[in-house]
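# Understanding the architecture of this molecule
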Amino acid sequence: MSTTVILQESDVQVGYDTHQEHSHHESFITKYVFSQDHKMIGKQFLITGMIWAIIGGFFSVIFRLQLGYPESTFPWLEDLLGHWAKGGKLQPEFYYALVTMHGTILVFFVLTAGLSGTFANFLIPLQIGARDMASPLLNMLSYWFFFSASIVMMSSLFVQTGPASGGWTIYPPLSALGDASSGSKIGMDLWLASMAMFIVSQLLAGLNYISTILNLRTKGMSMTRMPLTIWALFFTAVLGVLSFPVLLSGAILLLFDRNLGTSFFLSDIVVNGKILPNEGGSAILFQHLFWFLGHPEVYIIILPAMGISSEVLSVNSRKPIFGYMAMVGSLFAIAILAFLVWAHHMFVTGLNPFLGAFFVLLTLLIAVPSAIKVFNWLTTLWRGNIRFTPAMLYAIGFVSMFISGGLTGIFLGNSSLDIHLHDTYFIIAHFHIVMGVAGFFGMYAGVYHWFPKMYGRFLNNTMGYIHFWVTLIGAYLIFWPMHYEGLAGMPRRYYDFSGWESFKMFAGLNQFISFISILVFAAQLLFVFNFVYSIFKGRKVTTQNPWKANTLEWTTPIRPGHGNWEGEIPEVYRGAYDYGKDGRDFIPQTEQIGENESHH
Amino acid sequence: MSTIAVQQGTKWWSGGRSPFNANYGKVMMWYFLMSDAFTFGAFLISYGTIRFSVNHWVDPNHVFNSFPFAGHTNLPLAFVSLMTFILIASSVTMVLAVHEGHKMNRAGVEKYMLMTIIGGIAFLSCQAWEWTHMLTGQHPVLVDGVVEYWNTTVAHNPFGPEVAYTGTDPLFIGKEIATPGPIAFGSYFFEITGFHGFHVFSGVIINIVMYLKTKMKHFELRGHYEMIEKAGLYWHFVDLVWVFVFLCFYLI
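About the cut-offs
Every chain is numbered on its own, with residues counted from 1 as its sequence reads. Chains and ligands are labelled sequentially in the order written, the chains with letters from A and the ligands with numbers from 1. Local features in this predicted model are restricted to residues of pLDDT 70 or higher, and side-chain atom pairs are both shown and tallied only at a pLDDT of 80 or more, whereas totals for entire chains, interfaces and linings draw on every residue. Each helix is a run of DSSP H or I of at least 4 residues and each strand a run of E of at least 2, with the numbering of both proceeding from the N terminus. With the radius of gyration taken over C-alpha atoms, the globule rule is written as 2.2 Å times the number of residues to the power 0.38. Here contacts are defined at the residue level, using C-beta atoms placed from the backbone and a cut-off of 7 Å between them. Our exposure labels follow a C-beta count within 10 Å of each residue's own C-beta, placed from the backbone: buried means 20 or more other C-beta atoms, exposed means 12 or fewer, and partly exposed covers the counts in between. Here, a strand pair is defined by DSSP locating no fewer than two bridges between the strands. Expected helix span is taken as 1.5 Å per residue step, with the number of steps being one fewer than the number of residues. Working definition: the nonpolar core is a set of buried Ala, Val, Leu, Ile, Met, Phe, Trp, Tyr and Cys residues, joined through C-beta atoms within 7 Å. Note on geometry: axes are lines fitted to C-alpha atoms, helical ones only across the stretch in contact, with angles between N-to-C directions running from 0 to 180 degrees. Oblique is the label for every angle not falling under 35 degrees (roughly parallel), over 145 degrees (roughly antiparallel), or within 65 to 115 degrees (roughly perpendicular). With the far helix as reference, a near helix turned anticlockwise by less than a right angle produces a left-handed crossing, and one turned clockwise produces a right-handed crossing. The classification used treats Ala, Val, Leu, Ile, Met, Phe, Trp, Tyr, Cys and Pro as nonpolar, Asp, Glu, Lys and Arg as charged, and all other residues, Gly among them, as polar. Scored from 0 to 100, pLDDT reflects the predictor's confidence in each residue.

The subject of this paragraph is the overall build of chain A. When its secondary structure is counted, chain A shows 16 helices and four strands. Against the 2.2 N^0.38 benchmark of 25 Å for 600 residues, chain A shows a C-alpha radius of gyration of 24 Å, consistent with a compact globule. If you line up chain A on its principal axes, its C-alpha atoms span 80 × 55 × 50 Å. Within chain A, residue pairs in contact and separated by at least 24 positions form 80% of the contacts whose partners lie at least 6 positions apart.

Right, here's the structure in full:
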């Protein structure tokens, strides 16, 4: 199992407190539960994220049943959900709760903690050549704050009035007034408490990622020699550290409004004919605070997926990534622009049109670095010796999704078009493709690619291929038709469309989408089965470097112990993308530059 | 290792150039402070948004004009100036503690850390008095033609625009009397000064831990007092935030 690490004098150079090593004699608790090993913490994030993904995905199946079959009843739903599905029909209040929780779970708990939490923890020390994170203790705390946030969010599903149901964006006044809906009661408080813990977790994690990348790189690993995964995770961490605190501010103010009688976001409200004493607040203010996080948040999700895909595409094309510096530069540009476009979510809130024009310009500017990235991925594939491993398929699928979803982003970034498309199924289709599915594809690419490093075994390829093709085709079948529904004006967040004459023509299409979504959900369960099965029964990894990759994680033992390298940490002499150079398939980063070596 | 880098004063470490010659702990602290600055920034910008969207705001010279043990005096901003002075003085002693740390003078570090802790506690005590004063002080307010006595809370603001009294109470006939003011004043005041006070409180706890560690020769054995420097970064940040809070609530 764990390999004992012999610490050498040279380790001292890496700025790492050697006495923090726990590689010797670990009990079950310190090894698998309260572990300070970044690899174990990464796996903990991954598995917790997967559990959340199953729950969040299952919620979408339940509410898709309602949208696809609004006239039918499903007695098993009543057995499962009790009074939330009286007579086998989902109740409207619980429909909103499900939609809200689906969004919250997938955005924060799966695609933020599950994606960057997993790969930042797992890959940063391995790929930059460090024994562990800068502060393993903070790293462990970060997971356990996430775990506590999960417990609180989970418990909100079981309170009598139900979980939060004001949408994942929790706009006041719906979220600020307990009387507004059943989900605005204790469920909302639990949502806010859970998110506060989640933000602490993100902060601790982000500080660790940043300082590890800046300070703990091995000898020779200059910033411009880092793999793109690390660059992407670095910018992700910076985005998280600077944007989540603003949501924290908003959440604190909202908690005050809910429980202490303040009026930060409330003004002139009448509930059931009764005038509330609140005055002077602004609900738009909350939207600004929320979207100042909310927009960087989508890049927190997509940047790690971009980094993972870049790495996987290059390794499996047996070619250097096209335009390394342009890739880094475009990541940087996206990270900067992420902070300057938040109000494009608010074009129809009564935003000053002049301000809107400013945000339109900045939003459309994002197309430039995004296009640079897409062209570089495609040119990386161009004339490569492509190996179609499941990881590679997912990376290519990521590029496909990013193009499809990115193009509709240009539609939505125009404030004039947005007036028509806002809050319709068009926006649902857009963000599910570009952030949801693309984020998942990046995550899957990463899991298929690094599973051998995580568990010393391969995931089953056949199941991987089935999983990929069902997911890719299914995702397009689900979300592509939604564009048409949205253009026809079908609004999001509606419980039942059967009452509208103009949407009756979509009844069959909605049924079709619901049917496919169940199929795609089943394919994800196949992946979960593959994951669990392969941990115990998968084909064993027999060589140190099964993908013939250049990066440092493949110089560690097949099952690295705490401390990652036996003996000295290897020194780095070159960038991470010397594939197909001078007639050689690949040249690891640890190999010195030869005398007659050409420049790429 | 960081200690070696500090002792030798080298600018190079294995991965290339160390950013700002700072080790990971300091980098972490700087990024934490940036993150925290965004939290405070969001609060203060929210405050600004609301404050400049209402027609009337309180006059700080009128609200903050009392002093402990002096009864109902009229000393505008005197007490808060004292509070600010105490906090900034504690920043000075913090600098001196860091300086003594560089000279490896344990007694000096202890002395100045103790003074910093006392400064922090004094500031918190002042804030406690000010809050109590605002929460318990009764002010006449004209509500629907009747005079009521209000304190300042998150939902009560007795410092609204003044109008001529037209009622029958002999105490107020012929005088100007305040009407209820925007409740956002109390909400933001207690929320933001409370959040800042919470930071000061955390800072005092951190400083006490640092003081005890110094006393237990923890840093002397380690060979450097860098932890004092990191605690100092936090403490200076908290002071800096107070300057903005002071500016936003008391001066403008």
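With that out of the way, let us pick up the overall build of chain B. On a plain count of helices and strands, chain B comes out with eight helices and six strands. The order of α-helices and β-strands along chain B, N terminus first, is α-β-β-α-α-α-α-β-β-β-β-α-α-α. In terms of overall dimensions, chain B is more spread out than a globule: its C-alpha atoms have a radius of gyration of 23 Å, far above the 18 Å expected for 252 residues. In terms of overall dimensions, chain B has C-alpha extents of about 80 × 40 × 20 Å along its principal axes. For chain B, the proportion of its 252 residues judged to be buried stands at 33%. Sequence-distant contacts in chain B: of pairs separated by 6 or more residues, those separated by 24 or more amount to 62%.

This paragraph deals with the pairing of strand E4 (residues 146-150) of chain B. All names here are of chain B. Two elements, strand E3 (residues 139-143) and E4, share five bridges in a ladder whose sense is antiparallel. Counterpart to Val141 in the pairing with E4 is Glu148. Hairpin connection of E3 to E4: two residues between the antiparallel strands, including Asp144 at a positive phi of 50°.

Moving on: helix H2 (residues 38-68) of chain A. Given 3.6 residues per turn, any residue in an α-helix points the same way as the ones three and four places further on. Here H2 of chain A spans 43 Å end to end across 31 residues, near enough to the 45 Å set by a 1.5 Å rise per residue. In terms of burial, H2 of chain A is largely enclosed, as 22 of its 31 residues are buried.

What follows covers the nonpolar core. All names here are of chain A. Ranked by size, the top nonpolar core spans 229 residues in total, and within it Ile210 and Ala438 carry the most contacts. With 23 residues, helix H4 (residues 92-128) is the largest single contributor of residues to this core. Ignoring anything within four residues of it in the chain, the contact list for Ala438 reads Ile302, Ala305, Phe398, Met401, Phe402, Gly405 and Ile433.

Now for the packing of helix H11 (residues 367-381) of chain A against helix H12 (residues 390-413) of chain A. Residues and elements named next belong to chain A. It is at 11 Å that the axes of H11 and H12 come closest, and there the two elements cross at 155°. Our classification of the angle between H11 and H12 gives roughly antiparallel. Here H11 and H12 pass one another in a crossing that is left-handed. Here Ala367, Ser370, Val374 and Trp377 of H11 come into contact with H12, specifically with Val399, Phe402, Ile403, Gly406 and Ile410. Classifying every residue of the contact of H11 with H12 by side-chain character gives seven nonpolar, two polar and no charged.

Bringing the environment of Tyr577 of chain A into the picture now. Residue and element names in this part refer to chain A. Tracing the chain through its elements places Tyr577 in the loop between helix H16 (507-537) and strand E3 (579-581). Overall, the presence of 27 C-beta atoms within 10 Å leaves Tyr577 in the buried class. Those residues in contact with Tyr577 that lie beyond four places of it in its chain are Ser314, Pro320, Ile321, Tyr324 and Asn550.

For the rest of this paragraph, the subject is unusual backbone geometry. Residue and element names in this part refer to chain A. Here the bond from Pro172 into Pro173 is cis, since omega is 5°, no more than 30 degrees from zero. Its location among the elements puts Pro173 in the loop between helix H5 (136-156) and helix H6 (186-215). Of note, the phi angle at Asp423 is positive, near 60°, even though the residue is not glycine. Mapped onto the elements, Asp423 comes out in the loop between helix H13 (415-421) and helix H14 (425-455). The phi dihedral of Lys548 is positive, around 50°, even though this residue is not glycine. Turning to its location among the elements, Lys548 is positioned in the loop between H16 and E3.

It is worth spelling out the confidence of the model for chain B at this point. All names here are of chain B. Put simply, chain B has an average pLDDT of 88, and 91% of its residues get 70 or more. Element-level pLDDT for chain B is lowest in helix H1 (residues 2-8), with a mean of 37, against a maximum mean of 96 in helix H6 (residues 184-215). Throughout residues 1-13 the model reports pLDDT below 50, and contacts reaching past four residues in sequence, or to other chains, amount to 22 contacts. ipTM for the predicted complex: 0.90, alongside a pTM of 0.92.

Glancing now at the environment of Thr136 of chain B. Note that Thr136 of chain B resides in helix H5 (residues 106-136). C-alpha separation for the pair Thr136 of chain B and Met104 of chain B, spaced 32 residues apart in sequence, amounts to 48 Å.

With that settled, consider the packing of H2 of chain A against H4 of chain A. All names here are of chain A. Two numbers describe how H2 lies on H4: the axes approach to 8 Å, and their chain directions differ by 160°. Overall, the two elements H2 and H4 adopt an arrangement that is roughly antiparallel. When the axes of H2 and H4 are compared, the crossing they make is left-handed. Taken together, the residues that form the contact of H2 with H4 break down as 21 nonpolar, 11 polar and one charged.

Detailed conclusions should not be drawn from predicted coordinates in areas where pLDDT is low. Averaged over all residues, the pLDDT of chain A equals 91, while 96% of them reach at least 70. Below pLDDT 50 for its whole length, residues 1-23 of chain A participates in 60 contacts with residues either more than four positions away or in separate chains.

All names here are of chain A. The residue Phe147 is located in helix H5 in this model. In this structure Phe147 comes out as partly exposed when scored by C-beta crowding, with 16 C-beta atoms within 10 Å. Once the C-alpha coordinates of Phe147 and Ser201 are considered, the two residues, 54 residues apart in sequence, prove to be 9.0 Å apart.

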